[in-house]
Amino acid sequence: MSRRGPRRDVAVGDHLTAHVHALAAMDRALASPPDQADLRTLLREVQQALQEAMDDRQLALRRYAALFDAVPDPVSILSETGVVLDLNNAGVRAYGRPREDIVGQPIELLNPDLPNDHLDPVWEALHRGETYVIEVTNMRGDGSRFPVEVHSAGFEHQGEHCIVAVARDLSSRWQAESRYRLLMESIDKGVVLFDTHLRVVSANPAAHRILGTAGNGGSLQAMLAPDDWICVDEHGHPLNREQWPAAVSLRTGRIIRSTIVGLYHRPRGRMIWISTTNVPVFGTGRDCPDHVFGMFSDITELKRTNALFDRAQSLAHIGGWEWDRGLQRLYLTDEANRILGQELPLHDMAHLLECLRVDDRSQLQQALLDVIDKQVPFELELQGQRSDGHSFWVRMIGEAEAGDVDAARIAGTVQDITARKQAEETLRIQARTDPLTGIMNRDAVLNDLAARMANPTHCRVAVLYIDLDRFKTVNDLLGHNAGDELLIDATRRIATAIGTEGLLARFGGDEFLVVCDTRDQADQPERLAEAITRGFSTPFRFGSDEFAVTTSIGIARAPQDGLRPQQLIQNADIAMYDCKRRTRNGWQVFSPELAQRQHDRLQIESRLHRALDDDEFHLVYQPQVSLHDGRMVAAEALIRWRNSQLGELRPDIFIAHAESTGDIVRIGLWVLREACRQVRQWQDAGLGIVRVAVNVSYRQFVGEDLARHVRQVLDEFGLPGSALELEFTERVLIEDAPDTLQTFARLREMGVQLTIDDFGEGYSALNYLRRLPIHGLKLSQLFVEGVPGNRSDEAVCEAVCGIARSLGLGLVAEGIESEPQRRFLQALGVTVGQGFLFAPGLAPDEFARRLTPRH
């Protein structure tokens, strides 16, 4: 389809029809002479057709001229032989000549430097269907020159081959390049451009001057031959080619800033220090750099000044020494001579070695050889004897002079540490003992375990990682003194349980470590774990209070579970954590599956942190029904998490992680608001929902102003407090009693229902329970699942029902899955329940379908 408008198509068609008619009439006139009237008509048609053709030609010429002169760059139309046929206005301005002085002239008028055969390569490219591009220098009318980039293309005009040439003025680019070259040549910072093989592409004069290649007639590439240079970092450690800052920048595609590097040129024996920044250069469309700029400054003098300053500081309080290997002469300052305390002057390193004990003598000899052979500095603590018979301890430091590749002179300091060593020996035993319990401490057991595992004949050991369950409860309720008493008693119980079969240490806080041998008895760790568990079966007494504190134990064996102490202990910790998470009061053996589960938990925590922002949570609603007639009286909002990689997860999988990381506060506020929004929506639809229960974490009590947030959400959705029930665990009872009481009082004033969830599972601090202004309790499904039939669970259910009745509290039983459970609980006086017997958690729409509309 033509892009021209429909009106223009009609007009052109009409013109063509008129022309055809005129030509046909002329043919008829030539075939048979017309009469006078027909001749006049014919002449008028021919006149009209001729006028229309002339008008169309003039219109086409005007359009061509407008387009031709609209191009901002000079455009020339050339004949096949290079004669200028036309030139646009931009060309007239650029060349500073009238159009009539250029049109009809050969192109050499504008570029007198062209060779005789300059059109040959142009036509070769055009015949191949390509555009010919060349950079040349054109001449203005006043004789001045300017650089251009010419793009030539071919076309036919009236049966002749012509060339259209567009010239782009390069003066601005040349000026920029000239300024760049001037900048590179004038700055005092060296600049080197490397390719991907670290070959030098270019370098400015400052780079030649700093690297010492200026004026020697050699190329910079030859002077930077890798075999001629030793490259070290700021501490004197050798750097291989892959560690050069330029190589790192190329490999990572990142800027490597302000790196101090030492360069020693072997042929000239010259050492320089530079501070270099390396910048990767990316070609168009590339994701990896193809060049890198290295910019550097000479800091040799600054480095030398700093070294002398540091040496002067040290010599103010420490003796100095220097060994000239060529002269075999040892120089000692007065302070160094005083520290060593030798009667005769020490003029050679051999004399210094003689006053050291045998083991330290060989240690110093090896260190000196490493300085000579590997340029490795040393720092040693050495023991020797003065001439008066007293022993001494010194801290000796030595290194070769910067740039002294052969280590002809080695210098350093010597410091008297005799007093410190004596104090260390006094404290060594104390440092291995835990001051509270009197058993080994963390460092001592790590050292002992490392020594065992390093010995091939004693590497079959096991670690028991022991954590006290509910220690924090005692510490928080009764104070740190009671906590210390508990740790001392726990130490006694563990020590009694293991006897002489294991090594006991306090690893930190309420955590203990037992190391035992497994060479003769493979099940030794499990037997000790059972003995420790039995040792904690008796509650701990503090005055008239009793606390059931148990242990969670993780077991890991070497070598299968770890070849290093930290690895073995870490795996035992993983097993302990799994035991504590599942059951407590027991032990768990490490397995790779446990490590994988911990890895999965870490994955959950990392994704959980972003879940709220990514809108991955949703709520389902489980009905709470009357056990008498099955009528729905309320609902509990239950959170679900749908992750694209992990799928849908229940709260028992991720809530504990959210509480440990603190994310539960934001998540809890979202649940509160979303549940109230849903209640508002149901009420607007005329449904008969009475109240929705929302679980509240203890962290929302201790970390945020819960009552204020509840008030804001209720006001936002226009709900009364009676539409909301907050469920919390017993942990809230002991976190911060004064603040908890105040928060509960404010919530109750709003009309919000307050319930203790999973009552009986946790701390059961009844002294707090009787003081809190709560409305009800929830009987945990942990006890409901055993009734009827399990006498212990029946007794707990009866006790909780009795507590609720005596305190005038409502009671809801959760986890009801069978009709016998419902009848048993109803007989105890429980009026409301929830569980799979009635319905699982329902989506809002499904829940709404089960509600009775309000009439």
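Everything numeric here is computed off the predicted structure, so don't read it as measured data. As a convention, each chain's residues are numbered from 1 in the sequence order in which they are written. The predicted nature of this model means local features are confined to residues of pLDDT at least 70 and side-chain atom pairs, given and counted, to a pLDDT of 80 or more, with totals for whole chains, interfaces and linings taken over all residues. Remark: hydrogens and water are excluded; side-chain values derive from all non-hydrogen atoms of the structure.

(A) Region of interest: unusual backbone geometry. Omega for the bond connecting A558 with P559 falls within 30 degrees of zero, at 10 degrees, which places this linkage in the cis form. As for its position among the elements, P559 is in the loop between β22 (551-557) and α19 (565-582). With phi around 50 degrees, Q328 is a residue other than glycine that occupies positive phi space. Secondary structure is summarised from DSSP: a helix means a run of H or I of at least four residues, a strand means a run of E of at least two, and numbering begins at the N terminus for each. Inspection of the secondary structure assignment puts Q328 in the loop between β12 (319-324) and β13 (329-332). Note on Q328: relative accessible area 42%, which makes it partly exposed. Only protein chains enter the accessibility calculation, which uses a 1.4 Å probe. A residue is then buried if its area is under 20% of the maximum for its type, exposed if over 50%, and partly exposed in between.

(B) Structural context of the side chain of D434. Position of D434 relative to the elements: it lies in the loop between α14 (418-431) and α15 (442-454). Polar contacts here mean pairs of N or O atoms no more than 3.5 Å apart (in protein, one a potential hydrogen donor and the other a potential acceptor; neighbouring residues in sequence count only if both atoms are side-chain atoms). One polar contact links D434 to R506, side chain to side chain, over a distance of 3.3 Å. With residues up to four places along the chain from it excluded, the contact list for D434 reads I439, M440, N441 and R506. Contact criterion: two residues are considered in contact whenever any of their non-hydrogen atoms come within 4.5 Å of each other.

(C) Here's a closer look at the sheet that holds strand β4 (residues 145-157). A pair of strands is considered paired only if DSSP assigns at least 2 bridges between the two. Strand order across the open sheet formed by five strands is β2-β1-β5-β4-β3, with antiparallel pairing between neighbours. Looking at strand neighbours, the two that pair on one side only are β2 (84-87) and β3 (132-139), the edges of this open sheet. For this sheet, the mean angle separating the axes of adjacent strands, direction not counted, is 30 degrees. Judged from the ten bridges that link them, β4 and strand β5 (residues 160-169) form a sheet pairing that is antiparallel. The residue of β5 that forms the bridge with F155 is C162. On the sheet, helix α5 (residues 119-127) packs against β3, β4 and β5 and is oriented at approximately 105 degrees with respect to β5. Only the contacting stretch of a helix is used when fitting its axis, a line to C-alpha atoms as for every element, and angles between N-to-C directions run 0 to 180 degrees.

(D) Highlighting the sheet that holds strand β18 (residues 503-508). Ordered by their spatial adjacency, five strands build an open sheet running β18-β19-β17-β22-β23, and the pairing between neighbours is mixed. The sheet is open, and its two edges are formed by β18 and β23 (586-589), each paired on a single side. Each strand axis lies, on average, 25 degrees off the axis of its neighbour in the sheet, ignoring direction. Direction of pairing for strand β17 (residues 461-468) relative to β22: antiparallel, over a ladder of seven bridges. From the neighbouring strand, V463 faces β22, where its bridge partner is A556. Strand contacts of helix α18 (residues 524-535): β17, β19 (511-517), β22 and β23, with the helix running at about 170 degrees to β22, the strand carrying the most contacts.

(E) Structural context of the pairing of β13. Alternating residues of β13 divide into L330 and L332, all buried, and R329 and Y331, none buried. Pairing geometry for β12 and β13, over four bridges, is antiparallel. For W323, the partnering residue across the bridge sits in β13 and is L330. Turn length for the β12-β13 hairpin, with the two strands adjacent in sequence and antiparallel, is four residues, and the turn residue Q328 shows positive phi of about 50 degrees.

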